[in-house]
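Geometric and topological summary
One-letter residues, chain by chain:
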Amino acid sequence: MKLGCCYFPEHWPEDMWADDARRMREMGLRLVRIGEFAWSRIEPEPGRYDWSWLDRAIETLHAAGLEIMLCTPTATPPKWLVDRMPDMVAVDADGRPRGFGSRRHYCFSHIGYRAECRRIAAALAKRYGKHPAVVSWQTDNEYGCHDTVLSFSQSAATGFRRWLSARYETVDALNTAWGNVFWSMEYRSFDEVDPPNLTVTEANPAHWLDYRRFASDEVVSFNREQVDILREHSPRQDVSHNFMGFFTEFDHHDVGRDLDVATWDSYPLGFLEQFWFSDKEKQAYLRQGHPDIAAFHHDLYRGCSSGRWGIIEQQPGPVNWARFNPAPLPGMVKLWTLEAMAHGAEFTSYFRWRQAPFAQEQMHAGLLRPDSADAEAADEVRETAQVIEELGPQKTRQAPVALVFSYEAAWVCGIQPQGQSFRYLELAYEWYSAARKLGLDIDIVSPDADLTAYQIVLVPTLPIIPDGFTEKLAALTCPVLFGPRSGSKTDSFCIPDGLAPGKLRDLVPITVTRVESLRDGVTDPENKFDPPRWREDIATGLEPEFAPEDTAGVVFKHGTTRYVAGWPGRELLRRLIERMADEADIAITNLPEGLRIRRTATHTFVFNYSANPCLFGPEDEVISPAQFLVIADGA
Ligand code: GAL
């Protein structure tokens, strides 16, 4: 695994570049990502390119022995471009156009902007595509950041109508599929269909789902246009894109199929603060991040390309964008980097080289302070480079557990949560976490992945069952666990004939006759198996496997497949996964709070995310906070 950093030569006087490059090498870095926001410097005026500074920056980095990931700058269209085509900006759900003055102020559906992106990508690829220092490309930067996947512009409306007509062929088919007779929502032509925003109360969920599918497809085709150009002019370089954490607004499996390497931007402390974690967890993991945040995304994004992935932005210190921005415990930057290595990352690159003294992110730490002195992380990165060197290359080994992750499932749960705490990402994360706490390695895979190599398959929920999925699962002989709401919707967001779980009834003969959602704190604290948040009534001839008092059962098993008829609490999940591991003959380890394991083909990595020392193994070895052990197989 290589180490690297994100560098912005255009932010610094040119006479600093050579020394920066020398210091990067001295710190143990080999990869540097540049260019993602540099459009206004590459093309200061329409059609007038200034390559001179970028030529010199690339030569300087190359001369120091650094490899370069070069980016297309399309996340930051310059002012002159926006002024030339003001309707290229996205429009938010309240109908307001997004303004110039930060970034990502474009609509994925604007045909004129797409042409400009192809032009700048081609210009860059032609100039640097065969440069010996340029080893890879990044398209754009973080598709969807700052809530920018959905746009309600005229361009998006036009694109949506075209998309609908290709999908349904006739408007009658659309009316029937969506159930538009309800509230007289029938259309006479595709031209009458608008985006689903600005309606008086909620729009038809089928309308929303198709809008989300359309918007996701727009991201996919926007990305593919750049990938095709980069491949044409730069055929030997890898093409990547950097995904975000806890983000489901477009289908990353679809975008990933067009990439050589999936990358993601890992900010464990920012994510802990910004997402659903309890106050207790936020305090316990304040300076470490919850132990599964990074690992969850490593395993998710490894499954989003052909298996090749890396971290292109790793938090090195306090960030600027969460509600509170604590500093990591000494040791955490190293631990996060080694966790990435243990999951098969090809590189970990820190964001950013030097903290900027100006503009929006001046409070965001880098490896250097704004005065160019080493920041806290610098020494840790030097040590990390040495540890990586000593360990040698690590190969991944086949994980025993597959967790099926579906972006469409996230959209369905978001469009119609039915209870405000039914959050898809949180459900998937809890299932992942439950398996990882038992010391299991996990692959997070798309619903169309080949599952034959796994010993346990977890499906936290899959409301719409894709064609062929039931048959694929029926052919497996390993234990499979389905979560609530699986099979509860058709492809056009309706209740299936014969009720939920629809097509899954072939695997588990049950019928969900009623569902209810519950506010927090309603669960009986004495009953460990009582599902919080969501419960389902089941009609079936099967005997329940778990039946908390006063219920007709929460888990039903048929053959090797189980269905859990509610949001499983942590204790129930643990029990179920333990049972499945036993059936599959996989050894598990009940890990102490904060400790996690990950195995490569040759080593076991043990990480302590807790703020307290933890004991591990038969000898009760003490692992200090933010420290790790690496044990060679057989040792
Ligand atoms: C990422 C983004 C970077 C920078 C960073 C700060 O979301 O890609 O450009 O803004 O966050 O943490």
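Model, not experiment: these values are computed from the prediction.

1. A few points about the packing of helix 5 (residues 111–128) against helix 8 (residues 205–233)
The contact between helix 5 and helix 8 brings their axes to 8 Å, and the two run at 25°. Between helix 5 and helix 8, the angle is such that the two are roughly parallel. Of the two possible hands of crossing, helix 5 and helix 8 adopt the one that is right-handed. Residues Y113, R114, C117, R118, A121, A122, A125 and K126 of helix 5 lie in contact with helix 8, whose contacting residues are E218, S221, F222, E225, Q226, I229, L230 and H233. Counted by class, the contact of helix 5 with helix 8 contains 8 nonpolar, 3 polar and 5 charged residues.

2. Considerations on the nonpolar core
Ranked by size, the top nonpolar core spans 168 residues in total, and within it L29, W178, F405 and L458 carry the most contacts. The contacts of W178, once residues within four sequence positions are left out, are F160, L164, Y168, Y187, V193, N204, A206, H207 and D210. Listed in part, the 27 residues of the second largest apolar core include V508, I510, I538 and Y563.

3. Observations concerning a nonpolar patch on the surface
Together, V181, F182 and W183 make up an exposed nonpolar region whose accessible area comes to about 400 Å². Structurally, F182 is set in the loop between helix 7 (171–178) and helix 8. On the accessibility criterion, F182 (53% relative accessible area) is exposed.

4. Quick look at the site of the ligand
Close contacts around the ligand come from F37, R103, N141, E142, D265, Y267, E313, W321, F351, E361 and H364, and that covers them all. Take R103: an N or O atom from its side chain is 2.8 Å from an oxygen atom of the ligand. Separating an oxygen atom of the ligand from a side-chain N or O atom of Y267 is a distance of 3.4 Å. Its residues assigned to classes, the shell around the ligand comprises 4 nonpolar, 2 polar and 5 charged.

5. Considering the state of the cysteines
Evaluation of the coordinates by the stated rule reveals 0 disulfides. In this structure C6 is not part of a disulfide, and its nearest cysteine sulfur, from C5, lies 6.8 Å away. Summary of cysteine pairing: C71 is not part of a disulfide, and the nearest cysteine sulfur, belonging to C6, is at 7.9 Å.

6. Concerning a negative patch on the surface
Taken together, the side chains of D524, E526, E549 and D550 make up a negatively charged region of the molecular surface. Relative to the helices and strands, D550 resides in the loop between strand 15 (544–546) and strand 16 (555–558). Taking relative accessible area as the criterion, D550 reaches 80% and is therefore assigned exposed.

7. A look at the pattern of salt bridges
Taken as a whole, this structure holds 60 salt bridges when the rule is applied. In this structure, R231 and D260 form a salt bridge, with 3.3 Å as the shortest nitrogen-oxygen distance. With R231 in helix 8 and D260 in the loop between helix 9 (252–256) and strand 6 (261–266), this pair connects stretches of sequence that are 29 residues apart. Looking at R231, the relative accessible area reads 32%, which means it is partly exposed. Residue E339 is joined to R436 by a salt bridge in which the shortest nitrogen-to-oxygen separation is 3.1 Å. Placement of E339 in helix 13 (residues 332–342) and of R436 in helix 16 (residues 424–437) is noted, with a sequence separation of 97 residues between them.

8. Considering the sheet that holds strand 10 (residues 442–445)
Spatially, 10-9-11-12-17-16-15 is the arrangement adopted by the 7 strands of the open sheet, whose pairing is mixed. Every interior strand has two partners, whereas the edge strands, strand 10 and strand 15, have only one. In this sheet, adjacent strand axes meet at a mean angle of 25° when their direction is disregarded. Here strand 16 pairs with strand 17 (residues 561–564) via 4 bridges, running antiparallel. Residue pairing across strands places F556 opposite Y563, the latter belonging to strand 17.

9. Let's talk about the pairing of strand 16
In the sheet, strand 15 pairs with strand 16 via 2 bridges, with the strands oriented antiparallel. Bridge assignment links P544 to a residue of strand 16, and that residue is F556.

10. Digging into the domain arrangement of the protein chain
The domain boundaries assigned to the protein chain delineate domain 1 (1–147 + 207–243), domain 2 (401–583) and domain 3 (598–632). A C-alpha centroid distance of 40 Å is found between domain 1 and domain 2. Tallying the contact residues gives 5 residues for domain 1 and 7 residues for domain 2. Looking at the side of domain 1 facing domain 2, the largest losses of area belong to L209, R212 and R213, adding up to 82% of the total buried there. If you look at where domain 1 meets domain 2, you find 2 salt bridges. Here E408 makes a salt bridge to R213, at a shortest N to O gap of 2.9 Å. Our enumeration of links across domain 1 and domain 2 arrives at 2 residue pairs in polar contact (both at pLDDT 80 or more). Looking at the side of domain 1 that touches domain 2 residue by residue, the class counts come to 2 nonpolar, 1 polar and 2 charged.

11. Comments concerning the packing of aromatic side chains
This structure, assessed with the given rule, holds 53 aromatic pairs. Pairing Y49 with W51 gives two aromatic rings, centres 5.3 Å apart and planes at 15°, and the pair type is stacked. On the basis of relative accessibility, which here comes to 13%, the residue W51 falls in the buried class. Lying over the aromatic face of F100, K79 brings its terminal NZ or CZ to 5.6 Å of the ring centre. The ring of F422 has R485 sitting right over it, with the charged end atom 4.6 Å from the ring centre.

12. Quick look at the environment of G47
Secondary-structure assignment places G47 in the loop between helix 2 (39–42) and helix 3 (52–63). A relative accessible area of 53% means that G47 is categorised as exposed. Sequence separation of G47 and V333 is 286 residues, and the distance between their C-alpha atoms is 43 Å.

13. Examining the environment of E26
Position of E26 among the secondary structure elements: in helix 1 (residues 17–27). Judged by its relative accessible area of 43%, E26 falls in the partly exposed class. Separated by 539 residues in sequence, E26 and A565 place their C-alpha atoms 56 Å apart.

14. Digging into helix 7
Restricting attention to buried positions, one finds in helix 7 the residues V171, L174, N175, A177 and W178. Burial along helix 7 is one-sided: seen end-on, the buried residues are contained in an arc of 165°. Within helix 7, the exposed residues directed more than 90 degrees away from the buried face are D172 and T176. On its buried face, helix 7 sits against helix 6 (154–168) and helix 8. Looking at the residues trailing helix 7, positive phi occurs at G179, about 75°.

15. Points about unusual backbone geometry
In this chain, F351 is followed by R352 through a cis amide linkage whose omega measures 10°. Looking at where R352 falls in the secondary structure, it is placed in the loop between strand 8 (347–350) and helix 14 (376–391). The step from A500 to P501 runs through a cis peptide bond, and the omega angle for that step is 5°. Checked against the element boundaries, P501 lands in the loop between strand 12 (480–482) and strand 13 (511–517). One non-glycine residue, S372, lies in the positive phi region at around 75°. Along the chain, S372 falls in the loop between strand 8 and helix 14. By relative accessible area, S372 is classed as buried at 18%.

The rules behind each value
- Residue numbers run consecutively from 1 along every chain, following the written order of its sequence.
- Selection of residues for local features in this predicted model requires a pLDDT of at least 70, selection of side-chain atom pairs for listing and counting requires 80 or more, and totals for whole chains, interfaces and linings are taken over all residues.
- Side-chain figures throughout are based on the complete set of non-hydrogen atoms in the structure, without hydrogens or water.
- Axis angles are defined between N-to-C directions and span 0 to 180 degrees, where every axis is a line fitted to C-alpha atoms and, for a helix, only to the segment in contact.
- A run of H or I in DSSP becomes a helix once it reaches four residues, and a run of E becomes a strand once it reaches two; helices and strands are each numbered from the N terminus.
- With respect to orientation, any angle under 35 degrees is reported as roughly parallel, any angle over 145 as roughly antiparallel, any angle of 65 to 115 as roughly perpendicular, and every other angle as oblique.
- Note on convention: the crossing is left-handed when the near helix lies turned anticlockwise from the far helix by less than a right angle, right-handed when the turn is clockwise.
- When checking whether two residues touch, look at their non-hydrogen atoms; a contact exists if any pair is within 4.5 Å.
- Classification convention: Asp, Glu, Lys, Arg as charged; Ala, Val, Leu, Ile, Met, Phe, Trp, Tyr, Cys, Pro as nonpolar; all other residues, Gly among them, as polar.
- Only buried Ala, Val, Leu, Ile, Met, Phe, Trp, Tyr and Cys residues count toward a nonpolar core, and they belong to the same one when joined by side-chain atoms within 4.5 Å.
- Think of it in three bands: with a 1.4 Å probe and only protein chains considered, a residue is buried below 20% of the maximum accessible area for its type, exposed above 50%, and partly exposed in between.
- Any residue with relative accessible area above 30% and no salt bridge may belong to a patch, with like charges joined within 9 Å and the nonpolar Val, Leu, Ile, Met, Phe, Trp and Tyr side chains within 5 Å.
- Using a 1.4 Å probe, accessible areas were evaluated by the Shrake-Rupley method; residue-level cover was limited to the displayed protein chains.
- The term salt bridge refers to a side-chain nitrogen of Lys or Arg lying within 4 Å of a carboxyl oxygen of Asp or Glu.
- Proximity is defined per residue: if any heavy atom of the residue lies within 4 Å of a molecule or strand, that residue is considered near it.
- N or O atoms within 3.5 Å of each other form a polar contact, as long as, within protein, one can give a hydrogen and the other can take it, and as long as residues adjacent in sequence are counted only when both atoms are side-chain atoms.
- The term disulfide is used for any two cysteine sulfur atoms that are within 2.5 Å.
- For this count, His and the chain ends are skipped, Lys and Arg are scored as positive, and Asp and Glu as negative.
- To locate a charge, the coordinates of NZ of Lys, CZ of Arg, CG of Asp or CD of Glu are taken.
- Strand pairing is assigned whenever DSSP detects at least two bridges linking the two strands.
- A domain assignment, automatic or from a database, supplies the domain bounds used here.
- Note on terms: buried area is the combined drop in 1.4 Å-probe accessible area of two parts once they are placed together, counting the loss on both.
- Each Phe, Tyr or Trp ring, with Trp reduced to its six-membered ring, pairs with another whose centre is within 6.5 Å; inter-plane angles below 30 degrees give stacked pairs, above 60 give edge-to-face pairs, and intermediate values give tilted ones.
- Counting as a charge over the ring demands two things of the Lys NZ or Arg CZ atom: a distance within 6 Å of the ring centre and an angle within 35 degrees of the ring normal.
- Working definition: the arc comes from the directions between the helix axis and the C-beta atoms, pointing outward to the latter.

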